[in-house]
Amino acid sequence: MKTVYFDNNATTKVAEEVLEEMKPLFCDLYGNPSSMHTFGGQLGRKIRRAREQAARLIGCDPTEIIFTSGGTESDNTAIKGSLAAALNKRKVITTRVEHPAVLAACRDLENHGYTVIELAVDKEGRLDLAELEEKLDDDTVLVTIMHANNETGVVFPIDKIAEMVTGRGVVFHTDAVQAVGKIPLNLAKSSIDLLSLSGHKLHGPKGVGVLYVRKGTRLASFMVGGHQEAGRRAGTENVPGIVGLGKACELAAQDLEQGNNKVKRLRDKLENAILKSCPDSRLNGDKDNRLPNTTNISFEYVEGEAILLMLDKFGICASSGSACASGSLEPSHVLRAMGVPFTAAHGSIRFSLSRYNTEQEVDYTIEKMPPIIKKLRELSPFVAKS
Ligand code: PLP
């Protein structure tokens, strides 16, 4: 049975071109870039190229790129590193719908004397910028707000938010792990200070990411013990990962408009057909301000996990809430923050597409969904039997 992979917000397939660039770096060019000999030293050039490729995708200077082990490390470094560099302010602002990498890092700050404000969202998953404005004060040291939500795909007006925050002299970090490569971003025209991205969300390898640090932004080193990354992130570089991430960024930049238009067309076809053919289903999240690849749909009277298991039998991979939350029976914190009723939040499914998905895969899933929902409802104790 062929796998139909609609779980690209959890992780993506490594692009063939990326793999080809990485291959020689394991058994042939395996040196340490810090070595004095040519064999290791030549890898410095490859890292430089990857830095340029990543910088080009997000519109910054290569010197503003720090390679990390992924989105989680970038988020933690941005939050903890910027606080360590500003000692006398104690308030941090974030939102209720952040990825756990940000939420847990912020909640931990409360144990260290910080006040953490989590901004609410409305039922479409949108922020109230007036609330942000009201909460910003002289004690605020950092605002961290994601660019696009991993569960619903809702996109926040990040440049506008960055302008509001930095205009008050406050450092602004955005977790753009889900946005980079799916929607345009130009840091040269934005006032974002710190930004996280992750290789495995854009057809690069796992275990590698970027923290963008705007020139002049104060950031204490999170990892110490080596001079790598200009002393800002110690540890021998993950050369294959970094080179793969660079290539993935180059491919994403080439394909940004055309690729994502195709993805959006397929996503819309899938979404419209499911909403039409499955009664008591509804879309979660702001329909107009969303990533082109994501749809999050709630089905009343059924458990999301049961839908996932049935889809899995047909080789279709999707997700209920975020992959990082799976294994827990708690309904998604994002949908709860949006006020999605408990029963609908429990029956929510996220389909997240990529440029590798096809029309046939969408048609196949459109055909399978209605009988799955019908069958599960027949088994459900909550549905009145006729
Ligand atoms: N931030 C967001 C919005 C994510 O979706 C994820 C992964 O799902 C992360 C951070 C963590 O990234 P990584 O898996 O590279 O640590």
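For the structure itself, consult the block above.
Note that the coordinates shown come from a computational prediction; the quantities given were computed from them, not determined experimentally.

Engineer: What am I meant to see in the overall build of the protein here?
Structural biologist: On a plain count of helices and strands, the protein comes out with 13 helices and twelve strands. The C-alpha radius of gyration computed for the protein amounts to 22 Å, which stays within 12% of the reference 21 Å derived for 386 residues, consistent with globular compactness. The principal-axis extents of the C-alpha atoms in the protein amount to approximately 75 × 55 × 35 Å. By the burial criterion, 56% of the 386 residues in the protein qualify as buried. Per element, the accessible surface of the protein, about 16,900 Å² overall, is 54% carbon and sulfur. Here the protein holds 48 positive side-chain charges and 49 negative ones, and the gap between their average locations is 3 Å.

Engineer: When you look at the sheet that holds strand S7 (residues 194-198) in this model, what are you seeing that I'm missing?
Structural biologist: Two modes of strand pairing occur in sheets, parallel and antiparallel, and in both the strands are linked by backbone hydrogen bonds. Ordered by their spatial adjacency, seven strands build an open sheet running S2-S8-S7-S6-S5-S3-S4, and the pairing between neighbours is mixed. One side of each edge strand has no neighbouring strand; the edge strands of this open sheet are strand S2 (65-68) and strand S4 (115-119). Across the sheet, the mean angle from the axis of one strand to that of its neighbour is 20°, orientation sign disregarded. Where S2 meets strand S8 (residues 209-213), four bridges bridge the pair, whose relative direction is antiparallel. By the bridge assignment for S8, Ile66 is matched with Leu211. Strand contacts of helix H6 (residues 100-109): strand S3 (91-95), S4, strand S5 (140-144) and strand S6 (171-175), with the helix running at about 150° to S3, the strand carrying the most contacts. Against the sheet, helix H8 (residues 158-166) touches S5 and S6, its axis set at about 155° to S6.

Engineer: Can you help me understand helix H9 (residues 239-277) in this one?
Structural biologist: In an α-helix, one turn spans 3.6 residues; hence positions three or four apart end up facing the same way. When the terminal C-alpha atoms of H9 are compared, their 48 Å separation across 39 residues is substantially less than the 57 Å that a helix rising 1.5 Å per residue should span. Where H9 bends most, the angle comes to about 70°, and this point is Leu256. Between the side-chain oxygen of the N-cap and the backbone nitrogen of Gly241 there are 2.9 Å, and the N-cap of H9 in question is Asn238.

Engineer: Just to check I follow, could you spell out the nonpolar core for this structure?
Structural biologist: Soluble, globular proteins show a tendency: their nonpolar side chains are buried together. Judged by nonpolar contacts, the single largest core of 61 residues is most densely connected at Ile58, Leu132, Ile145, Phe156, Ile161 and Leu195. With seven residues, the single largest contributor to this core is helix H4 (residues 43-58). Those residues in contact with Ile145 that lie beyond four places of it in its chain are Thr95, Glu98, Leu119, Leu127, Leu132, Phe156, Ile158, Ile161, Phe172, His173, Thr174 and Asp175. Phe6, Phe299, Ala318 and Val362 belong to the second largest nonpolar core, which has 25 residues in total.

Engineer: Can you help me understand the packing of helix H5 (residues 71-84) against H6 in this one?
Structural biologist: Think of two packed helices as two axes; the pair is described by the angle between the axes and how far apart they sit. Where H5 contacts H6, the two axes come as close as 9 Å, and the packing angle between them is 30°. Between H5 and H6, the angle is such that the two are roughly parallel. The element H5 and its partner H6 pack so that their crossing is right-handed. Across the interface between the two elements, Thr72, Asp75, Asn76, Ile79, Lys80 and Leu83 from H5 touch Ala101, Val102, Ala105, Cys106 and Leu109 from H6.

Cut-offs used in this document
Residues numbered from 1 in each chain as written. Predicted model: local features only at pLDDT ≥ 70, side-chain atom pairs only at ≥ 80, totals over all residues. Heavy atoms only, no water. Helix = DSSP H or I, 4+ residues; strand = E, 2+ residues; numbered from the N terminus. Rg over C-alpha atoms; globule rule 2.2 N^0.38 Å. Buried < 20%, exposed > 50% of the residue type's maximum accessible area, 1.4 Å probe, protein only. Areas by Shrake-Rupley, 256 points an atom, 1.4 Å probe, with all protein chains shown as cover. Lys, Arg positive; Asp, Glu negative; His and termini not counted. Charge placed at Lys NZ, Arg CZ, Asp CG, Glu CD. Pairing = 2+ DSSP bridges. Axes fitted to C-alpha atoms, helices over the stretch in contact; angles between N-to-C directions. Contact = heavy atoms within 4.5 Å. Expected span 1.5 Å × (residues − 1). Bend = angle between axes of the 7 residues up to and from the residue. Polar contact = N/O pair within 3.5 Å; in protein donor to acceptor, adjacent residues only side chain to side chain. Core = buried A, V, L, I, M, F, W, Y, C linked by side-chain atoms within 4.5 Å. Parallel < 35°, antiparallel > 145°, perpendicular 65-115°, else oblique. Left-handed = near helix turned anticlockwise from the far one by under 90°.

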